[in-house]
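Residue-level listing of the chains:
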Amino acid sequence: MRTAILILGTVLFIAGPAAKIYHLDHANNYMIASGLGLVMITAMAFIKKK
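Colleague: Quick question: what am I supposed to make of the overall build of the protein here?
Modeller: Scanning the protein from terminus to terminus reveals two helices and zero strands. In terms of overall dimensions, the protein has a C-alpha envelope of 40 × 15 × 10 Å along the principal axes. The 50 residues of the protein split such that 16% are buried. Considering only intrachain contacts with a sequence separation of at least 6, the fraction spanning at least 24 residues in the protein is 55%. Carbon and sulfur atoms provide 73% of the accessible area of the protein, an area that totals close to 4,100 Å².

Right, dumping it as structure tokens:
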């Protein structure tokens, strides 16, 4: 489950800047999702494995 969350967070983190570069519709929403991905990656870095 931890790996899946990290992969999802990474994909979201990359999607925002890619949407801006390719001038996709609603690119600002992708940037918000990118911020969410960054939060997910950061949270996984500080949550200890059991």
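Colleague: Any chance you could explain the UniProt feature "transmembrane region" (unreviewed entry) in the protein here in plain terms?
Modeller: Residues annotated by UniProt as "transmembrane region" (unreviewed entry) correspond here to residues 30-47. Measuring from the first to the last C-alpha atom of residues 30-47 gives 26 Å, for a span that is 94% helix and 0% strand.

Colleague: Help me understand the packing of helix H1 (residues 2-21) against helix H2 (residues 27-46), please; the structure alone is not making it clear to me.
Modeller: A pair of packed helices is characterised by two quantities: the angle between their axes and the separation of those axes. Orientation of H1 relative to H2, taken along the N-to-C sense of each, is 150 degrees, at an axis distance of 7 Å. Handedness of the crossing formed by H1 with H2: left-handed. When grouped by side-chain class, the residues that make up the contact of H1 with H2 number 16 nonpolar, six polar and two charged.

Colleague: How do you make sense of H2 when you look at a structure like this?
Modeller: Residues spaced three or four apart along an α-helix point in a common direction, a consequence of the helix completing one turn every 3.6 residues. Here H2 spans 29 Å end to end across 20 residues, near enough to the 28 Å set by a 1.5 Å rise per residue. Considered for burial, the residues of H2 that qualify are Ala27, Ser34, Gly37, Met40 and Met44. The arc that holds the buried residues of H2, viewed along the axis, is 115 degrees, so those residues lie on one side. For H2, the exposed residues lying more than 90 degrees away from the buried face are Asn28, Ile32, Val39 and Phe46. Those residues of H2 that are buried are in contact with H1.

What counts, and where the lines are drawn
Residues numbered from 1 in each chain as written. Predicted model: local features only at pLDDT ≥ 70, side-chain atom pairs only at ≥ 80, totals over all residues. Heavy atoms only, no water. Helix = DSSP H or I, 4+ residues; strand = E, 2+ residues; numbered from the N terminus. Buried < 20%, exposed > 50% of the residue type's maximum accessible area, 1.4 Å probe, protein only. Contact = heavy atoms within 4.5 Å. Areas by Shrake-Rupley, 256 points an atom, 1.4 Å probe, with all protein chains shown as cover. UniProt positions renumbered as here; feature names shortened; annotations may be inferred. Axes fitted to C-alpha atoms, helices over the stretch in contact; angles between N-to-C directions. Left-handed = near helix turned anticlockwise from the far one by under 90°. Nonpolar A, V, L, I, M, F, W, Y, C, P; charged D, E, K, R; others polar. Expected span 1.5 Å × (residues − 1). Arc of directions from axis to C-beta.

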